[in-house]
Amino acid sequence: MAIRVQAAAFDPGQELNALHAANTGIGAVVGFVGYVRDFNDGRDVGGLFLEHFPGMTEKALARIVEEANQRWPLLRVDILHRIGRLEPGEPIVFVGTASAHRQAAFEACNFVMDYLKTRAPFWKKEDTAEGPRWVEGRASDQDAAGRWAKG
Amino acid sequence: MIRVQFFARYREVLGLAEDRLAWDADLATVGDLREHLVQRGDLWAETLGERGLMCARNEELCGLAEPLRDGDDVAFFPTVTGG
């Protein structure tokens, strides 16, 4: 498991390949890459600044990975999230999951992203023509995370 | 002593990244601490009083019913928007 919170850019292809590298028991790798859009909530976005809560962020991500490991038979989970200044088109987040069979990797990747979006202390501030604005949390993200609740 | 941190929009609107409050047994929960801070004025009520508020105690997400102890590190922040 690797959890990285960094200002530096990353190469999603390299991250995806690294997931499989050391373990030939892995039969399936699923990767998600999130990018900075140039448009959000009806306005052009010229870039954004990503703030986080140093100290808590890594712990929150580790807890999400721990929970994914309890739910699915995973062989590896990597999370990489950028902070600081980002331009449209740049990768902002990578989540990769590896398992013997595909369903666990697909579902766990989806789960990790849903929980990251609602439980990890990151905040986006976008640059728009009207000036910078903090992105508001979305109810749809809360709903997406809620579907993993155990009944 | 309780350390309180504010992040993102809350920090900007309040003009404050962190504050320290003397320990008070009346502040039994994180919700009590929130209520105490909301009483400070309009800006406090507008930010910390909002629905989407999230909080953490000692760097773990928690609910408003979370018990508070002397020496705790509490954080209040708007709904997270990473990913």
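What counts as what
- Residues numbered from 1 in each chain as written.
- Chains lettered and ligands numbered in written order.
- Predicted model: local features only at pLDDT ≥ 70, side-chain atom pairs only at ≥ 80, totals over all residues.
- Heavy atoms only, no water.
- Contact = heavy atoms within 4.5 Å.
- Buried area = accessible area lost by both parts, 1.4 Å probe.
- Salt bridge = Lys/Arg side-chain N within 4 Å of Asp/Glu carboxyl O.
- Polar contact = N/O pair within 3.5 Å; in protein donor to acceptor, adjacent residues only side chain to side chain.
- Helix = DSSP H or I, 4+ residues; strand = E, 2+ residues; numbered from the N terminus.
- Nonpolar A, V, L, I, M, F, W, Y, C, P; charged D, E, K, R; others polar.
- pLDDT = per-residue confidence, 0-100.
- Core = buried A, V, L, I, M, F, W, Y, C linked by side-chain atoms within 4.5 Å.
- Buried < 20%, exposed > 50% of the residue type's maximum accessible area, 1.4 Å probe, protein only.
- Phe/Tyr/Trp six-rings, centres within 6.5 Å; stacked < 30°, edge-to-face > 60°.
- Lys NZ or Arg CZ within 6 Å of the ring centre and 35° of its normal.

### Describing the interface of chain B and chain A
Item 1. Each partner contributes to the interface: chain B provides 20 residues, whereas chain A provides 27 residues.
Item 2. Regarding the contact of chain B and chain A, the summed buried area is about 2000 Å², with carbon and sulfur atoms giving 56% of it.
Item 3. Of all residues in chain B, Glu59, Thr81 and Gly83 of chain B give up the largest surface area on contact with chain A, accounting jointly for 34% of the area buried on that side.
Item 4. Where glutamate 51 of chain A meets arginine 11 of chain B, a salt bridge forms, and the shortest distance between an N and an O atom there is 2.4 Å.
Item 5. Scanning the region where chain B abuts chain A turns up 13 residue pairs in polar contact (both at pLDDT 80 or more).
Item 6. At the level of elements, helix 1 (8-14), strand 3 (54-57), strand 4 (60-62) and strand 5 (73-77) of chain B are the ones that each hand at least two residues to the side of chain B that touches chain A.
Item 7. For the side of chain B that touches chain A, the leading source of residues is helix 1 of chain B, giving four residues.
Item 8. Across the side of chain B that touches chain A, the residue classes break down as nine nonpolar, six polar and five charged.

### Section: the confidence of the model for chain B
Item 1. Within chain B, residue pLDDT values average 97, and 100% of them lie at 70 or more.
Item 2. Scoring of the predicted complex yields 0.96 for pTM and 0.96 for ipTM.

### Let's talk about the nonpolar core
Item 1. Counting 31 residues, the largest nonpolar core has Trp72, Val95 and Phe111 of chain A as its most contacted members.
Item 2. Residue assignment for this core shows that the elements contributing at least two residues are strand 2 (28-35), strand 5 (47-52), helix 2 (56-71), strand 6 (74-82), strand 8 (91-99) and helix 3 (102-119) of chain A.
Item 3. Here this core takes nine residues from helix 3 of chain A, the largest share from any one element.
Item 4. Those residues in contact with tryptophan 72 of chain A, other than ones at most four positions away along the chain, are Ala104, Glu107, Ala108, Phe111 and Trp148 of chain A.
Item 5. Membership of the second largest hydrophobic core comes to 19 residues, among which are Ile2, Phe6, Leu27 and Val30 of chain B.

### Details of the packing of aromatic side chains
Item 1. This structure, assessed with the given rule, holds nine aromatic pairs over all chains.
Item 2. Relative to phenylalanine 7 of chain B, the ring of tryptophan 123 of chain A lies with its centre 5.4 Å away and its plane at 10 degrees, an arrangement referred to as stacked. You can see tryptophan 123 of chain A sitting in strand 9 (residues 122-128) and its partner phenylalanine 7 of chain B sitting in the loop between strand 1 (2-6) and helix 1, one on each of two chains. Side by side, tryptophan 123 of chain A and phenylalanine 7 of chain B carry an identical accessibility label, which is buried.
Item 3. Each residue in the set Phe53 and Trp123 of chain A together with Phe7 and Phe77 of chain B is aromatic and connected to the rest through ring pairs, giving one cluster.
Item 4. Directly above the aromatic system of tyrosine 115 of chain A lies the positively charged group of arginine 119 of chain A, at a separation of 3.9 Å from the ring centroid.

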